[in-house]
Amino acid sequence: QVQLVESGGGLVQPGGSLRLSCAASGSTSTIYAMGWYRQATGNEREWVGHIRPNGSTDYVDSVKGRFTISRDNRNTMMYLHMNSLKPEDTAVYYCYVVMGGWGKKYWGRGTQVTVSS
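These lines cover the structure that appears in this document, whether it is placed above or below. (Residues numbered from 1 in each chain as written. Predicted model: local features only at pLDDT ≥ 70, side-chain atom pairs only at ≥ 80, totals over all residues. Heavy atoms only, no water.)

### Regarding the sheet that holds strand β7 (residues 67-71)
Two orientations exist for strands paired in a sheet by backbone hydrogen bonds: parallel and antiparallel. In space, the 4 strands of this open sheet follow the order β1-β3-β8-β7, with antiparallel pairing throughout. Each having just a single partner strand, β1 (2-7) and β7 make up the two edges of the open sheet. Put simply, the sheet's adjacent strands are angled 15° from each other on average, direction ignored. Here β1 runs beside strand β3 (residues 18-26); their pairing, made up of 6 bridges, is antiparallel. Its bridge partner lying in β3, L4 is registered against A24. (Pairing = 2+ DSSP bridges. Helix = DSSP H or I, 4+ residues; strand = E, 2+ residues; numbered from the N terminus. Axes fitted to C-alpha atoms, helices over the stretch in contact; angles between N-to-C directions.)

Structural data, given as structure tokens:
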């Protein structure tokens with residue numbers, strides 16, 4: 001099993017930046033991919049992006065060029081660097097991991113990001 005804890009959320013003004021962290025513990029050596037989802041109030045959960053074992057990343061179109069995902073080599077930390085934030089980025093952000101083999105997913109409990117003046 002893997003336990004995930006997000007941190008770094010908060011209130012930020014439009015145009016500002018924020019860095020979210022996701023700390024992983026447990027069977028981290030068998031993690032394959034890591035990524036982020038977000039869910040705004042009243043909306044369905046939206047995939048934000050992920051990072052593969054080779055370090056390559058993919059993002060939803062709405063955050064391309066503004067958000068960057070990074071991870072450490074031991075799969076114990078993952079980050080979501082968010083720049084040029086917009087009010088529509090306001091959501092609870094969840095990190096997740098995909099395990100090697102069966103592809104089981106684990107989720108964190110989320111951290112709130114609010115973009116408002």
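What follows picks up the thread again.
### Here's the deal with the state of the cysteines
Each disulfide consists of one covalent bond between the sulfur atoms belonging to two cysteines. Overall, the coordinates contain 1 disulfide when judged by the stated rule. C22 shares a disulfide with C95; S-S distance 2.1 Å. On the sign convention where negative means left-handed, the S-S torsion of about 60° between C22 and C95 marks this disulfide as right-handed. Taken together, the residues C22 in strand β3 and C95 in strand β9 (residues 91-99) connect sequence positions 73 residues apart. For C22, a relative accessible area of 0% translates into the label buried. Overall, the relative accessible area of 0% leaves C95 in the buried class. (Disulfide = S-S within 2.5 Å. Buried < 20%, exposed > 50% of the residue type's maximum accessible area, 1.4 Å probe, protein only.)

### A short note on the pairing of strand β4 (residues 31-39)
With 7 of its 9 residues buried, β4 lies for the most part within the structure. As judged from the 5 bridges shared by β4 and strand β5 (residues 46-51), these two strands associate in the antiparallel manner. If you follow Y37 over to β5, its bridge partner there is W47. Following β4, the chain reverses through 6 residues before pairing antiparallel with β5; G42 in that reversal takes a positive phi of roughly 85°.

### A look at the side chain of T111
Within the fold, T111 resides in strand β11 (residues 111-115). At 3.2 Å, the side chain of T111 forms a polar contact with the backbone nitrogen of G9. Those residues in contact with T111, other than ones at most four positions away along the chain, are E6, S7, G8, G9, L20, A91, V92 and Y93. (Polar contact = N/O pair within 3.5 Å; in protein donor to acceptor, adjacent residues only side chain to side chain. Contact = heavy atoms within 4.5 Å.)

### Focus: the nonpolar core
By size, the foremost hydrophobic cluster in this structure holds 29 residues, and its most contacted members are W36, M82 and Y93. For this core, the elements supplying multiple residues, two or more each, are β1, β3, β4, β5, β7, β8 (77-82), β9 and β11. In terms of residue count, β9 provides more of this core than any other element does, 5 residues in total. In contact with Y93, other than residues within four places in its own chain, are E6, L20, W36, Y37, R38, V48, F67, L80, M82, G110, T111 and V113. (Core = buried A, V, L, I, M, F, W, Y, C linked by side-chain atoms within 4.5 Å.)

### Notes on the packing of aromatic side chains
With the rule as written, the count across this model stands at 3 aromatic pairs. Note on Y37 and Y96: the rings are 5.2 Å apart at their centroids and 65° apart in plane angle, and the pair reads as edge-to-face. Of this pair, Y37 sits in strand β4 while Y96 sits in strand β9; the two residues are 59 residues apart in sequence, bridging distant segments of the chain. With a relative accessible area of 17%, Y37 lands in the buried category. Residue classification places Y96 among the buried residues on the basis of a relative accessible area of 4%. Linked through ring pairs, Y37, Y96 and W107 together constitute an aromatic cluster. Sitting over the ring of Y94, R45 keeps its end group 4.1 Å from the ring centre. Here the basic side chain of R45 rests over the ring of W107, its NZ or CZ set 4.8 Å away from the ring centre. (Phe/Tyr/Trp six-rings, centres within 6.5 Å; stacked < 30°, edge-to-face > 60°. Lys NZ or Arg CZ within 6 Å of the ring centre and 35° of its normal.)

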